[in-house]
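If you want the building blocks of each chain, they are given just below.
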Amino acid sequence: MAVYSMTGYASAQTGACAAGAQGTPRAQPVRRLGMEIRSVNSRFLDLSFRLPDELRSFEPMLRALVTAKVKRGKIELRAALEGLDGQALPDPPSRVLQRLSSLQDGVRSWLPEAAPLSVADVLRLCGQSTPAFDADALQVKQLAHSVLSGLLQARAQEGERLGAMLQGHLAQLRALTHQAIPLVPRLVEQQRQRFMDRWREAMGLAETSATPEAAQDRALSEATAFAIRIDVAEEVTRLDSHITEIERLLDQGGEVGKRLDFLIQELHREANTLGSKSSALELTRISVDMKVLIEQMREQVQNLE
């Protein structure tokens, strides 16, 4: 199953005219229906519709279609009714124009300051400026399916790109994790040797009432306690486990955005602990590189459904 982004856009439009009863074009012009849908990232599914009055009754149907296909994201669906070119409009009847002229003269005889009728006013009064649109449920549903398919395709393409980017970052994280693994016993041994050197130096410079064996045991105990504090083996193991789980979710696909967001937080927690326990410059560098990669992944994961 594919991984879907929450970012996408699609649009579609009906034909220029509707078919008559016998399959022939109607003599009267019709209005085209245009529809577009866009989505951006959001924690939940947030729907908004921008529909003309003629299509308000179809909002429940459109809402059901969108919620059946999309689970997360801020979705905006717009629909618009567009008239045909002016050449497709029939000429207003002469008798209607004469009647409008007569009415206008009568009104202006009483109200001389009244504005004259514009061409748009005349066409509207003649019933020609807004050609009819047959609000056919099947036509609206088919157009909605078309834009939804386009949106899902766009979201799948963007999700594929994001998934490939995340896989690349995970490969780099795993490589950094493997670099940190051999550093742990090396750092513990270096610290143990440093304590022993300090113990020998102290024994040579000062007299002490403690026996050499007791002083050595104390030095080793302190070295062991410090080694436990700087031991990052557990953090490295959890980092590797989280990386494996993220890879599995990306291969599984579907609605994985929220799970990935949680795992990214856990990755950042372990990388931060790794840096705070670090007693070597090399391990600190690894921690910083990890946190840079994890932050980049966090930005991308927030766009996944």
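Residues numbered from 1 in each chain as written. Predicted model: local features only at pLDDT ≥ 70, side-chain atom pairs only at ≥ 80, totals over all residues. Heavy atoms only, no water.

Quick word on the overall build of the protein
The helix and strand tally for the protein stands at nine helices and four strands. The secondary structure elements of the protein, listed N-terminal to C-terminal, are β-β-β-α-β-α-α-α-α-α-α-α-α. Sorting the 305 residues of the protein into buried and exposed places 35% on the buried side. Approximately 17800 Å² of the protein is accessible, and the part contributed by carbon and sulfur atoms is 52%. (Helix = DSSP H or I, 4+ residues; strand = E, 2+ residues; numbered from the N terminus. Buried < 20%, exposed > 50% of the residue type's maximum accessible area, 1.4 Å probe, protein only. Areas by Shrake-Rupley, 256 points an atom, 1.4 Å probe, with all protein chains shown as cover.)

Section: the packing of helix α4 (residues 137-180) against helix α7 (residues 233-252)
At their nearest, the axes of α4 and α7 sit 10 Å apart, and the two run at 160° to each other. Compared by their axis directions, α4 and α7 come out roughly antiparallel. Between α4 and α7 lies a crossing of left-handed hand. Taken together, the residues of α7 that come into contact with α4 (itself represented by G163, L166, Q167, L170, L173, R174, T177, H178 and A180) are V236, L239, D240, I243, T244, I246, E247, L250 and D251. (Axes fitted to C-alpha atoms, helices over the stretch in contact; angles between N-to-C directions. Parallel < 35°, antiparallel > 145°, perpendicular 65-115°, else oblique. Left-handed = near helix turned anticlockwise from the far one by under 90°. Contact = heavy atoms within 4.5 Å.)

Regarding the sheet that holds strand β2 (residues 32-40)
On the basis of which strands lie adjacent, the open sheet formed by four strands has the order β1-β2-β4-β3 and mixed pairing. Among the strands making up the open sheet, the edge pair consists of β1 (8-13) and β3 (45-50). Averaged over all pairs of adjacent strands, the angle between strand axes in this sheet comes to 10°, irrespective of strand direction. Examined bridge by bridge, β2 and strand β4 (residues 73-82) share nine bridges and lie antiparallel to one another. Bridging from a neighbouring strand, G34 pairs with A80 of β4. Each of β3 and β4 touches helix α1 (residues 59-69); the most contacted strand, β3, lies at about 145° to it. The sheet contacts of α4 involve β1, β2 and β4, and relative to β1 the element is tilted by about 150°. (Pairing = 2+ DSSP bridges.)

Focus: the pattern of salt bridges
Counting across every chain of the model gives 16 salt bridges. The partner of R38 in a salt bridge is E36, with the nearest N and O atoms 3.3 Å apart. Between R161 and E158 there is a salt bridge; the shortest N-O distance is 2.6 Å. With a gap of three residues between them, R161 and E158 both fall in helix α4, about one helical turn apart. A single network of salt bridges, built from pairs that share partners, joins R50, E76 and R78. (Salt bridge = Lys/Arg side-chain N within 4 Å of Asp/Glu carboxyl O.)

Focus on the confidence of the model for the protein
Chain-level pLDDT for the protein is 79 on average; 74% of the residues reach the 70-or-more range. For the protein, the element scoring lowest by mean pLDDT is helix α6 (residues 212-230), at 60; β3 scores highest, at 93. Of the regions scoring below 50 in pLDDT, residues 16-29 engages in 19 contacts with residues more than four places distant in sequence or in other chains. (pLDDT = per-residue confidence, 0-100.)

Re a nonpolar patch on the surface
A cluster of nonpolar side chains, contributed by V107, W110 and L111, occupies part of the molecular surface with about 390 Å² of accessible area. Mapped onto the fold, W110 is located in helix α2 (residues 94-110). (Patch = residues over 30% accessible without salt bridge, like charges linked within 9 Å, V, L, I, M, F, W, Y side chains within 5 Å.)

Here's the deal with the packing of helix α8 (residues 257-277) against helix α9 (residues 281-301)
Two elements in contact, α8 and α9, have axes separated by 9 Å at closest approach and are oriented at 165°. As judged from the angle between their axes, α8 and α9 are roughly antiparallel. Classified by chirality, the crossing of α9 by α8 is left-handed. Counted together, G257, L260, D261, I264, Q265, L267, H268, A271, N272, L274 and G275 of α8 and L283, S287, M290, K291, I294, M297, R298 and V301 of α9 form the full contact between these two elements. When its residues are assigned to classes, the contact of α8 with α9 shows ten nonpolar, six polar and three charged. (Nonpolar A, V, L, I, M, F, W, Y, C, P; charged D, E, K, R; others polar.)

Here's the deal with the nonpolar core
L173, I246, L260, L267 and M290 are the most contacted members of the largest nonpolar core, which totals 31 residues. Among the secondary structure elements, those contributing two or more residues to this core are α4, α5 (183-205), α7, α8 and α9. Among the elements that take part in this core, α9 stands out by supplying seven residues, more than any other. Once you skip the residues sitting within four places of it in the chain, L173 turns out to touch I243, L267, M290, L293, I294 and M297. Core analysis: the second largest hydrophobic core is formed by 24 residues, L65, V66, A79 and A144 among them. (Core = buried A, V, L, I, M, F, W, Y, C linked by side-chain atoms within 4.5 Å.)

Topic: the environment of L260
With respect to the secondary-structure elements, L260 resides in helix α8. Since its relative accessible area comes to 0%, L260 is described here as buried. Between the C-alpha atoms of L260 and I246, which are 14 residues apart in sequence, the distance is 6.5 Å. Setting aside anything within four residues of it in sequence, one finds L260 in contact with I246, L249, L250, V301 and L304.

Some details on the pairing of β4
Judged from the six bridges that link them, β3 and β4 form a sheet pairing that is parallel. From the neighbouring strand, S48 faces β4, where its bridge partner is E76. With α1 bridging β3 and the parallel β4, this β-α-β connection has left-handed handedness. (Right-handed = clockwise from strand over helix to strand, strands pointing away.)

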